[in-house]
Amino acid sequence: MNANRESGSPTSLPIALLCYGAAAVAAVALPLAGSPLAVNLMLRAGSIVMLAISWNLAANAGLISLGHSTFWGLGSYAALLMGNRFGWPFLPSILPAMALGAAVAALLAVITGRLRGIYFAIATLALSEGLRVIAVMLPDLTGGGAGLFIDQTLRPEPRLTAIVTALGAVCFALLAHLLSRTPFHYACRAMRNNEHASQMLGINPLRFRITVLALSGAIAAFAGGVNIWYGGFLDPDIGFDLHITILAQIGPILGGIHTLAGPIIGGLATLLIAELTRMWFGEQGYSLLVYGAILIVSIMYMPNGIYGTLRRLCAPWTKRRAAAKTALVAS
Amino acid sequence: MSMLLQCLVDSILLGGLYSLMAVGLSLGFGVTRIINFAYGEFIMLGAYGAFFCSSLAGIDPLIALPAVAIGVALFAAIVFEFSLRRVLRAPAINQILLLFGVGLVIQNLAAILWTGDARSVETPYSLTAREFGDINVPDGRIVTFLVATVLIAALLWWLHRTELGRAIRAVAQNRDAAVLMGINVMRMYLLSFMLNAALGAATGAMASFLLTVTPFMGFPMLIKSFAIVVLGGLGSIPGTLAGAFLLAFAETAVAYYVPDGIGWAEGVAFAVLLGVLIFRPRGILGQAVEVA
């Protein structure tokens, strides 16, 4: 197992920080300078990358979610209700959204106890669909099936939502990167590989489950909360859309599950593929069809994703360089 | 009183269809240990098969049922050979995500080919009903209950009394021992996946005259099947049958007795699913689950 490779080599932090800095500058500059199309693209890129990072964090601890729309939807509803009921503007409303996402995720971690693998996955799926039914059935709170518009007077400029989304994605990517250098990451990985064994090593699985899921839930809720301010309209089918769940899992799987770069590469690649399909076929139905095909192809032929495949292709080259270095030292 | 009786009759009739639906998922899981996330799509294909037989050729869904089931089973065999077979040794999560992807492709291909329009099949028995005292029983529901009962009985007979059926149960019980007995496990996997698809398609063919047929009808059916199978205990057929009637009763009771019940009934399956996973993950009659 060269498992310690997955977080990248330790020397790469300054370079990585430089990359995050550049990405942050781009996140602010592109929407500011660009057309509405660029704003829209930045918003979607940021959202998809955040979802992918959020999903991958949970997956790192062995928690495979099939219901990430839960947190997205809760974040959307929290942000919208804070705006409509209490007149909170865009940025402050994101905080309660994240708090709600984190709280429900932590609750999920506690109540699912030691459910793992498929059982946890099915529980998340049931939770998101259950919340959708609840949202339909509580029209006084959520507007029911007819949906709700967000208070138009409070709505920020689309440009601002795009900047916040893209910056958020960069921040969460950085957070995931920094986390990967802490014992937290190794504890999660140990849990993923064998929870019993990790317990022997003195790891309290429940504590890590709660932390990692709360973090994952907060990130997805952030994405959902920002998106509702951009979109302006919310109904249960938009909030707890299966599409979001699929988007969240497809990035890491296409890019490379359990890696740092994988979710980002995969998320952006998914967006690119979605845009290309829309250009060629023009219809919404095709994008889900393509997502399904991506899932099938990645799992069958590229189980380590784009990132893993690239690493494998580059491996002979890096190895040769290392060998040359040793030869030089030896001589 | 008559409302309670009506509620009971309705839930028993619905439970018949649910049993058939969930037995398919349960059988497939019992043998291959893979939860078929594309199961809802096999139900949907069965419903469309029955719809096209009825609308294009005027064949009654019940007469078309065997052909539809066989057709969908053959399709499932192709899916198995080209995708699932390659990931049988992979972690469970890869299998789930793969089948999730297969389901997405089938569902959206159906939406593109046959449009998203809601369709329904009309049969001589789908709009009539009979009265027993205060109790009203639609003929369509009686028909599905009877057909489901016959199919499940035939399945149980086949599983217990034939060589192949016994081989399938052997693989479900202990894969390694089955290999030592000379059973071709891969063939049993294929066979159980096809059976799973055929049962799903049979459910769909009958659902075609009870519900509306759309490309997206599979997902709620999948969740209901999950709820039943988890409630009864994964891999246990008696448990699955009990779970089917319990879910049918819970849904019907909610629809009858809770204000706005028809809407809330949609959520019963999710509540049951979450509740069972949290409080008793092995289900009412199931074996212990592997939680780690």
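Within every chain, residues take consecutive numbers counted from 1 along the sequence as written. Note on labels: chains are lettered from A, ligands numbered from 1, in written order. Two thresholds apply to this predicted model, a pLDDT of at least 70 for residue-level local features and 80 or more for giving and counting side-chain atom pairs, whereas whole-chain, interface and lining totals are computed over all residues. Computation of side-chain values covers all heavy atoms of the structure but excludes hydrogens and water.

J.: When you look at the side chain of serine 26 of chain B in this model, what are you seeing that I'm missing?
T.: Runs of H or I in DSSP of at least four residues are treated as helices and runs of E of at least two as strands, each being numbered from the N terminus. Along the chain, serine 26 of chain B turns up in helix 1 (residues 2-32). The contact definition used throughout considers only heavy atoms, calling two residues in contact when any of these lie within 4.5 Å. Filtering out sequence-adjacent residues up to four positions away, serine 26 of chain B remains in contact with Val229, Gly235, Ser236, Ile237 and Thr240 of chain B.

J.: Looking at this structure, how should I read the interface of chain A and chain B?
T.: How large an interface is tends to be reported as the accessible area lost when its parts come together. Listed by partner, the interface residues are 37 residues for chain A and 40 residues for chain B. Summed over both partners, the accessible surface that disappears when two parts come together, traced with a 1.4 Å probe, is what is meant by buried area. Here chain A meets chain B over a buried area of about 3,600 Å², counting both sides, of which 86% is carbon and sulfur. Considering only the surface of chain A that becomes buried against chain B, Tyr119, Ile122 and Met137 of chain A emerge as the three largest contributors, covering 18% of it. Salt bridge, as applied in this entry: a Lys or Arg side-chain nitrogen positioned within 4 Å of an Asp or Glu carboxyl oxygen. The tally of links between chain A and chain B comes to 0 salt bridges. Contributing elements (two or more residues each) for the side of chain A that touches chain B: helix 5 (117-137), helix 12 (242-255) and helix 14 (284-301) of chain A. Considered class by class, the residues forming the side of chain A that touches chain B number 29 nonpolar, 5 polar and 3 charged. Residue classes follow a fixed rule: Ala, Val, Leu, Ile, Met, Phe, Trp, Tyr, Cys and Pro count as nonpolar, while Asp, Glu, Lys and Arg count as charged, and any other residue, Gly among them, counts as polar.

J.: Help me understand the pattern of salt bridges in this model?
T.: This structure, assessed with the given rule, holds 7 salt bridges over all chains. We note a salt bridge from glutamate 275 of chain A to arginine 278 of chain A, for which the minimum N-O separation is 3.4 Å. Placement of both glutamate 275 of chain A and arginine 278 of chain A in helix 13 (residues 261-281) is noted, with a separation of 3 residues, approximately one turn of the helix. On the basis of relative accessible area, arginine 278 of chain A is assigned to the partly exposed category, the value being 42%. Between glutamate 251 of chain B and lysine 224 of chain B there is a salt bridge, with its nearest N and O atoms 3.5 Å apart. The buried label goes to any residue with under 20% of its type's maximum accessible area, the exposed label to any with over 50%, and the partly exposed label to all in between, with areas taken from a 1.4 Å probe on protein chains only.

J.: Explain helix 11 (residues 261-279) of chain B here, please?
T.: An α-helix turns once every 3.6 residues. As a result, residues three or four positions apart point the same way. At glycine 267 of chain B, helix 11 of chain B is bent by approximately 35°, the largest bend along its length. Restricting attention to buried positions, one finds in helix 11 of chain B the residues Gly261, Ala265, Gly267, Val268, Ala269, Phe270, Val272, Leu273, Leu274, Val276 and Leu277 of chain B. Buried-residue contacts for helix 11 of chain B involve helix 5 of chain A together with helix 9 (218-232) and helix 10 (237-257) of chain B. The angle between axes fitted to the seven residues ending at a residue and the seven residues starting there is what we call the bend at that residue.

J.: Looking at this structure, I do not really get the pairing of strand 1 (residues 129-132) of chain B. What am I missing?
T.: Here is the key point about a regular strand: its side chains alternate between the two faces of the sheet. Residue and element names in this part refer to chain B. Two strands pair if DSSP finds at least two bridges between them. Across 4 bridges, strand 1 lies against strand 2 (residues 135-138) in antiparallel orientation. The partner of arginine 130 across the bridge, within strand 2, is valine 137. In this antiparallel pair of consecutive strands, strand 1 and strand 2, the connection spans 2 residues, and glycine 133 shows a positive phi of 65°.

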